[in-house]
Amino acid sequence: MLLIECPWCGPRDEIEFVCGGQAGVSYPPDPFALDDDEWGHYLFVRDNPAGPLAEQWCHTAGCRSWFIVERDTLTQHVLATRKLPEAGEEL
Amino acid sequence: MGTRNASAGDGMPQLADRLWRSAEPAASYDAVIVGAGGHGLAAAYYLATEHGIRNLAVLEHGWLAGGNMARNTAIIRSNYLLEASAALYEHALQLWERMEDDLGQPVLFDQRGVLNLAHTLQEVRDGVRRVEANRLSGIDADWLTPDEVADVCPVVDVSDRLRYPVLGATYQPRAGIAKHDLVAWAYAKRLYDLGVDLIEGCEVTGIETAGGRVSGIATTRGRIATGTVGLAAAGRTSVLTEPLGLALPLQSHPLQALVSELFEPVHPTVVMSNAVHVYVSQAHKGELVLGAGVDGYNGYAQRGSFHVIEEQLAAAIELFPAFAGAHVLRTWAGVVDITPDASPIIDSTPIDGLFVNCGWGTGGFKATPAAGRLFAHTIATGSPHELSRPYVLDRFASGALIDEHGAAAVAH
Ligand SMILES: Cc1cc2nc3c(=O)[nH]c(=O)nc-3n(C[C@H](O)[C@H](O)[C@H](O)COP(=O)(O)OP(=O)(O)OC[C@H]3O[C@@H](n4cnc5c(N)ncnc54)[C@H](O)[C@@H]3O)c2cc1C
Ligand SMILES: [Zn+2]
């Protein structure tokens, strides 16, 4: 069971959350400019490292907010959690 | 329910003392397969027997079948919904039916049937649809009423005591289980007899290219020159392709399973339940074997979260009240590579000489002989076999996905 620190509610058991996959995948600014390969890549390909990965998690059984979890997929350690960046801010 | 007193070897086949030998790496090979799980072994077997490629090595980071091959729950069935999947998995099932003759070793393939329970009206409709689709594809499939479910597997509770009572089930009588380690050993022995090198304790750390094509591989036991590399590395495929700029639509997740102590035979078939979220069979030796879906996050640790085990045990006791007295003996996890459509990828890549067999996720054991045979075809001829043509990488650009989430979520 992972212990995950919600930036709003504090440390809670993993069962209160869902993992929403890689963070920072934004909708293409001009989807019509993409060819099929690029669009397929946007839809279906996500980073899959054996090591640190920034993910978006939602505190579904708590405050229902999305936030960022940095996790090491090799050790399963939660490295850091933080609020989502404001519009225009870097991840 | 009596605990079994007989020794663990009871009913197990007697094998020769030595079946294969782990080889030393040579300086070069015509082709190299990465990963000595079932798929890598089977691919090498078919490269040698159907395509005459014998100057061949299978490289394994750990030990023979130490990945998902000997961690799976060994369920074999072909009752997938879509035509492309039914054709693929039925080809595999037919290869299982003659595997002992092909390989000359026992694999304990036991066609004890598989039940997929339905607990909601929607699941009934989906199940009936799948049975009809399977029949049209020439696959044995029946729709059973709750009473018929109890006839096939008396320990399932089909009463309306359940929060989600059993409303019916799909049944594939030709489905079943095999003993996964015996399967790996049988392939290893055949490869040894064929002169193919199986090299354990040899991690591939890099794939070398020159002018856009494969020229060799770097390993923890030195460089090996080769123009042809076939990846059968399951959950670790992305790690190998990423440095080449080849990002595949794969996510690696922990998938857990567990066994109880040994019992007298009480569970004659395989029972899966998507809604209550567990599947159960009884191994040849007598352990109850339980599993469910993947952990919800990416992970390479061959370890998952405890609540996943807790939930599948609760589900098992709901469906099989008699199992309440059983104990968990061992739990473990593998790392499975999940694609967006829950179907595999068997293809060449934009890098000449590099081939991938991946994305089998939670359900590739049943495909072992077919995956190996089709992958060998792609490697040897450079283009897909008719059966694997739908399973190319391009489907993620064309949109021709093979969505098997219904047949391959909790059910493996
Ligand atoms: C708990 C669990 C239950 C399952 N239940 C079922 C089931 O009931 N039915 C079913 O059909 N499927 C099931 N599966 C899925 C099935 O096990 C896999 O789809 C299948 O085993 C994958 O093919 P493989 O046997 O070749 O993989 P693996 O045995 O995982 O082989 C990959 C090999 O590659 C090696 N490798 C990786 N990277 C490198 C490297 N860099 N260098 C050298 N070697 C490397 C690994 O060490 C590993 O041995 C289950 C899986 C798990 C984990
Ligand atoms: Zn919260």
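Residues numbered from 1 in each chain as written. Chains lettered and ligands numbered in written order. Predicted model: local features only at pLDDT ≥ 70, side-chain atom pairs only at ≥ 80, totals over all residues. Heavy atoms only, no water.

**Student:** Explanation requested: the interface of chain B and chain A in the structure shown.
**Tutor:** Many structure descriptions define interface size as the accessible area lost when the parts assemble. Taken together, the contact pairs 26 residues of chain B with 24 residues of chain A. Regarding the contact of chain B and chain A, the summed buried area is about 1,800 Å², with carbon and sulfur atoms giving 54% of it. The largest share of the area that chain B buries against chain A comes from Tyr-297, Asn-298 and Tyr-300 of chain B, three residues that together contribute 30% of it. The interface formed by chain B and chain A contains 0 salt bridges. Connecting chain B to chain A are 13 residue pairs in polar contact (both at pLDDT 80 or more). A per-class count over the side of chain B that touches chain A returns 14 nonpolar, 9 polar and 3 charged. (Contact = heavy atoms within 4.5 Å. Buried area = accessible area lost by both parts, 1.4 Å probe. Salt bridge = Lys/Arg side-chain N within 4 Å of Asp/Glu carboxyl O. Polar contact = N/O pair within 3.5 Å; in protein donor to acceptor, adjacent residues only side chain to side chain. Nonpolar A, V, L, I, M, F, W, Y, C, P; charged D, E, K, R; others polar.)

**Student:** Would you mind showing me how to read the coordination of the zinc ion (ligand 2) here?
**Tutor:** Between any two of four tetrahedral donors, the ideal angle at the metal is 109.5 degrees; between two of six octahedral donors, it is 90 or 180 degrees. All names here are of chain A. All of the protein donors around the zinc ion (ligand 2) are Cys-6 (SG), Cys-9 (SG), His-59 (ND1) and Cys-63 (SG); their distances to the metal are 2.0 to 2.3 Å. Here the donor residues of the zinc ion (ligand 2) are spaced in sequence according to C-x2-C-x49-H-x3-C. With Cys-9 in the loop between β1 (3-6) and β2 (10-13) and His-59 in the loop between β4 (52-58) and β5 (66-72), the pair connects residues that are 50 residues apart, well separated along the chain. In this structure Cys-9 comes out as partly exposed when scored by relative accessible area, which is 28%. (Donors = N, O, S within 2.8 Å, 3.2 Å for Na, K, Ca; no water. Helix = DSSP H or I, 4+ residues; strand = E, 2+ residues; numbered from the N terminus. Buried < 20%, exposed > 50% of the residue type's maximum accessible area, 1.4 Å probe, protein only.)

**Student:** Looking at this structure, how should I read helix α8 (residues 306-319) of chain B?
**Tutor:** Because an α-helix packs 3.6 residues into every turn, residues spaced three or four apart end up facing the same way. Taking 1.5 Å of rise per residue, the 14 residues of α8 of chain B would be expected to cover 20 Å, and the 20 Å separating its terminal C-alpha atoms lies within 8% of that figure. Among the residues making up α8 of chain B, those that are buried are His-307, Val-308, Ile-309, Gln-312, Ala-315, Ala-316 and Leu-319 of chain B. (Expected span 1.5 Å × (residues − 1).)

**Student:** So what exactly am I meant to see when it comes to the pairing of strand β15 (residues 278-282) of chain B here?
**Tutor:** It is a general feature of regular strands that their side chains alternate between the two faces of the sheet. All names here are of chain B. Here β15 lies mainly inside the structure; 5 of its 5 residues are buried. Of the two faces of β15, the one carrying Val-278, Val-280 and Gln-282 and the one carrying Tyr-279 and Ser-281 are both buried. Taken together, the 3 bridges between strand β14 (residues 270-273) and β15 define a ladder with antiparallel strand orientation. Within β15, the position partnered with Met-272 by the bridge is Tyr-279. Connecting β14 to the next strand, β15, in antiparallel fashion are 4 residues, including His-277 with a positive phi near 75°. Direction of pairing for β15 relative to strand β16 (residues 287-291): antiparallel, over a ladder of 4 bridges. Paired with Val-280 across the bridge in β16 is Leu-290. Where β15 hands over to β16, the hairpin turn is made up of 4 residues, of which Gly-286 adopts a positive phi near 125°. (Pairing = 2+ DSSP bridges.)

**Student:** Even after reading the chapter, I still don't get the side chain of Asp-347 of chain B, so can you show me in this structure?
**Tutor:** Residues and elements named next belong to chain B. Structurally, Asp-347 is set in strand β18 (residues 345-348). As a buried residue without a salt bridge, Asp-347 has its nearest oppositely charged side chain in Arg-395, at a separation of 7.5 Å. Here the side chain of Asp-347 touches Leu-393 through a polar contact of 2.9 Å, landing on its backbone nitrogen. (Lys, Arg positive; Asp, Glu negative; His and termini not counted.)

**Student:** For this particular structure, what's the right way to read helix α2 (residues 83-97) of chain B?
**Tutor:** Residues and elements named next belong to chain B. Spanning 15 residues, α2 covers 21 Å between terminal C-alpha atoms, matching the ideal 21 Å at 1.5 Å per step. Buried residues of α2: Ser-85, Ala-86, Leu-88, Tyr-89, Glu-90, His-91, Ala-92, Leu-93, Leu-95 and Trp-96, and no others. Lining the buried residues of α2 we find α1 (38-50), β3 (75-76), α3 (99-103), β6 (168-172), α6 (180-194) and α9 (368-381).

**Student:** What is the right way to read the sheet that holds β4 of chain A from this model?
**Tutor:** Note: strands within a sheet are paired through backbone hydrogen bonds, in either parallel or antiparallel orientation. Residues and elements named next belong to chain A. Pairing in this open sheet of 4 strands is antiparallel, and the strands run β3-β4-β5-β6 from one edge to the other. Looking at the sheet topology across the chains shown, the edges are occupied by β3 (18-22) and β6 (78-83). Strand-to-strand twist across the sheet, computed as the mean angle between neighbouring axes with direction ignored, equals 30°. Pairing of β5 with β6, which is carried by 5 bridges, proceeds in the antiparallel orientation. Residue Phe-67 lies in a different strand from β6, and its bridge partner there is Lys-83. (Axes fitted to C-alpha atoms, helices over the stretch in contact; angles between N-to-C directions.)

**Student:** Would you mind showing me how to read the pattern of salt bridges here?
**Tutor:** Should the charged atoms of two oppositely charged side chains come close, the side chains can pair. Residues and elements named next belong to chain B. Evaluated as defined, the whole model comprises 18 salt bridges over all chains. Across the pair Glu-90 and Arg-174 runs a salt bridge whose closest N-O atoms are separated by 2.8 Å. With Glu-90 in helix α2 and Arg-174 in the loop between β6 and β7 (176-177), the pair connects residues that are 84 residues apart, well separated along the chain. For Glu-90, a relative accessible area of 9% gives the class buried. Across the pair Asp-341 and Arg-395 runs a salt bridge whose closest N-O atoms are separated by 2.7 Å.

**Student:** Please clarify how the environment of Arg-330 of chain B should be interpreted in this entry.
**Tutor:** Residues and elements named next belong to chain B. Looking at where Arg-330 falls in the secondary structure, it is placed in strand β17 (residues 328-338). We classify Arg-330 as partly exposed; its relative accessible area is 45%. For the pair Arg-330 and Leu-258, spaced 72 residues apart in the sequence, the C-alpha separation amounts to 5.6 Å. When neighbours within four sequence positions are excluded, Arg-330 is seen to be in contact with Ala-257, Leu-258, Val-259 and Glu-287.

**Student:** Would you mind showing me how to read the site of ligand 1 here?
**Tutor:** Residues and elements named next belong to chain B. Looking at ligand 1, there are 38 residues lining it, with Glu-60, Asn-68, Met-69, Thr-73 and Lys-366 nearest. Contact distances for ligand 1 include 2.8 Å between an oxygen atom and a backbone N or O atom of Asn-68. One of the backbone N or O atoms of Ala-74 is found 3.3 Å from an oxygen atom in ligand 1. Within the complex, the protein chains bury 96% of what would otherwise be the 1,000 Å² of accessible surface of ligand 1. Counting residues per element, the ones that place at least two in the shell around ligand 1 are α1, β13 (251-262) and β17. For the shell around ligand 1, the leading source of residues is β13, giving 3 residues. Among the residues making up the shell around ligand 1, the classes are represented as 17 nonpolar, 16 polar and 5 charged. (Near = heavy atom within 4 Å. Areas by Shrake-Rupley, 256 points an atom, 1.4 Å probe, with all protein chains shown as cover.)

**Student:** Help me out: how do you make sense of the sheet that holds strand β10 (residues 213-219) of chain B in this one?
**Tutor:** Residues and elements named next belong to chain B. Here we have 3 strands laid out as an open sheet, ordered β9-β10-β11, and antiparallel in their pairing. The open sheet has two free edges, formed respectively by β9 (204-210) and β11 (222-225), since each of these has just one partner strand. Along the sheet, successive strands turn relative to each other by an average axial angle of 25°, direction set aside. In terms of strand pairing, β10 meets β11 through 4 bridges, oriented antiparallel. Considered in β11, the bridge of Ala-218 is made with Arg-223.

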